[in-house]
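# Descriptive structure summary
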Amino acid sequence: VDKACGDFSAAGIEACKNVCDPAECCFMLDVDCSDVGMEDIQCDDYTSCGHLYVNDQDPCTSTIPNEEAEDSYDDQANLMDEAAAIVQMCAPEKLHDPNKMQDCSDVCQDKLCCFAPEQYNCIRTYKELCIIYAGCEPLMDFYHR
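From a predicted model like this one, the values you see are computed outputs, not experimental measurements. (Residues numbered from 1 in each chain as written. Predicted model: local features only at pLDDT ≥ 70, side-chain atom pairs only at ≥ 80, totals over all residues. Heavy atoms only, no water.)

For the rest of this paragraph, the subject is the overall build of the protein. Each helix and strand in the protein was counted, giving 6 helices and 0 strands. Start at the N end of the protein and walk to the C end: the helices and strands fall as α-α-α-α-α-α. Of the roughly 9000 Å² of accessible surface on the protein, 48% is carried by carbon and sulfur atoms. (Helix = DSSP H or I, 4+ residues; strand = E, 2+ residues; numbered from the N terminus. Areas by Shrake-Rupley, 256 points an atom, 1.4 Å probe, with all protein chains shown as cover.)

With 14 residues, the main nonpolar core has Cys20 and Cys49 as its most contacted residues. When residues in this core are grouped by element, the largest group, 3 residues, is from helix H2 (residues 10-20). Those residues in contact with Cys49 that lie beyond four places of it in its chain are Val1, Cys5, Cys16, Cys20 and Phe27. (Core = buried A, V, L, I, M, F, W, Y, C linked by side-chain atoms within 4.5 Å. Buried < 20%, exposed > 50% of the residue type's maximum accessible area, 1.4 Å probe, protein only. Contact = heavy atoms within 4.5 Å.)

Among the structural elements, Thr125 can be located in helix H5 (residues 123-132). The sequence separation of Thr125 and Cys114 amounts to 11 residues, and the corresponding C-alpha distance is 9.2 Å.

By the definition in use, this model includes 8 disulfides. In this model, Cys90 is linked to Cys104 through a disulfide, with the two sulfur atoms separated by 2.0 Å. The sign of the S-S torsion, about 110°, decides the handedness of the disulfide formed by Cys90 and Cys104: right-handed. Highlighted residues: Cys90 in the loop between helix H3 (73-89) and helix H4 (98-108) and Cys104 in helix H4, separated in sequence by 14 residues. Considered together, Cys90 and Cys104 belong to a single accessibility category, that of buried residues. Two residues share a disulfide in this structure: Cys113 and Cys122, whose sulfurs sit 1.9 Å from each other. What sets the handedness of the Cys113 and Cys122 disulfide is the S-S torsion sign, and at about 75° it is right-handed. (Disulfide = S-S within 2.5 Å.)

The next thing to look at is the confidence of the model for the protein. Overall, the predicted model of the protein reaches an average pLDDT of 78, with 81% of residues at or above 70. Predicted confidence in the protein is weakest over H3, with a mean pLDDT of 79, and strongest over H4, with 92. Within the model, pLDDT remains below 50 along residues 55-73, and this stretch shows 37 contacts once partners closer than five positions in the same chain are excluded. (pLDDT = per-residue confidence, 0-100.)

Right, let's get into the side chain of Ser105. Mapped onto the secondary structure, Ser105 falls in helix H4. In this view, Ser105 contacts Leu139 and Tyr143; residues no more than four positions away in its chain are not counted.

Once that is clear, we can look at H2. Taken together, the buried positions of H2 are Gly12, Ile13, Cys16 and Cys20. On an axial view of H2, the arc spanned by its buried residues comes to 100°, and they lie on one face. Exposed side chains of H2 directed beyond 90 degrees from the buried face belong to Ala11 and Asn18. As for H2, its buried residues are in contact with helix H1 (2-5) and H5. (Arc of directions from axis to C-beta.)

Moving on, we come to the side chain of Lys111. Of note, Lys111 is situated in the loop between H4 and H5. In this structure, Lys111 is buried with no salt-bridge partner, the nearest side chain bearing the opposite charge being Asp110 at 5.6 Å. The contact partners of Lys111, leaving out residues within four places of it in the chain, are Tyr126, Leu129 and Tyr133. (Lys, Arg positive; Asp, Glu negative; His and termini not counted. Salt bridge = Lys/Arg side-chain N within 4 Å of Asp/Glu carboxyl O.)

With that settled, consider H4. Inspection of H4 places Cys104, Ser105 and Cys108 among the buried residues, and these make up the whole buried set. One side of H4 carries all its buried residues, which in axial view fall inside an arc of 100°. Regarding H4, its N-cap is Asp97, as a side-chain oxygen of that residue lies 2.8 Å from the backbone nitrogen of Asn99 further along. (Polar contact = N/O pair within 3.5 Å; in protein donor to acceptor, adjacent residues only side chain to side chain.)

Structure (structure tokens):
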């Protein structure tokens, strides 16, 4: 779980979602895992999944709203739309066109720290934004070839 959820690239987030899916009950405020037939789940084993859920202590790091974040559902949907647009804009095959690469670079430039080496990395500061900007990773790969 730690390995799957420690990778904040688009593929890593998808892997994290797949690994964490059985433990969703661990992050729900109004449901106990035994209520949904998952009494054998060891929630402590899934703490790395927290960034996927509102209930992980930080309501800004989730894609699943609860009553604390009902008002932010539209915001969450907009952020997911933005993430999808970034993935499209920065697709590896588009980076060979200088104009399209510039468009991608313009969108990603303020969040490139999400992909920086550890001492310069800002993922702990920008958690959700780094997830949204995961689609910028091909740009970094392109620069580092």
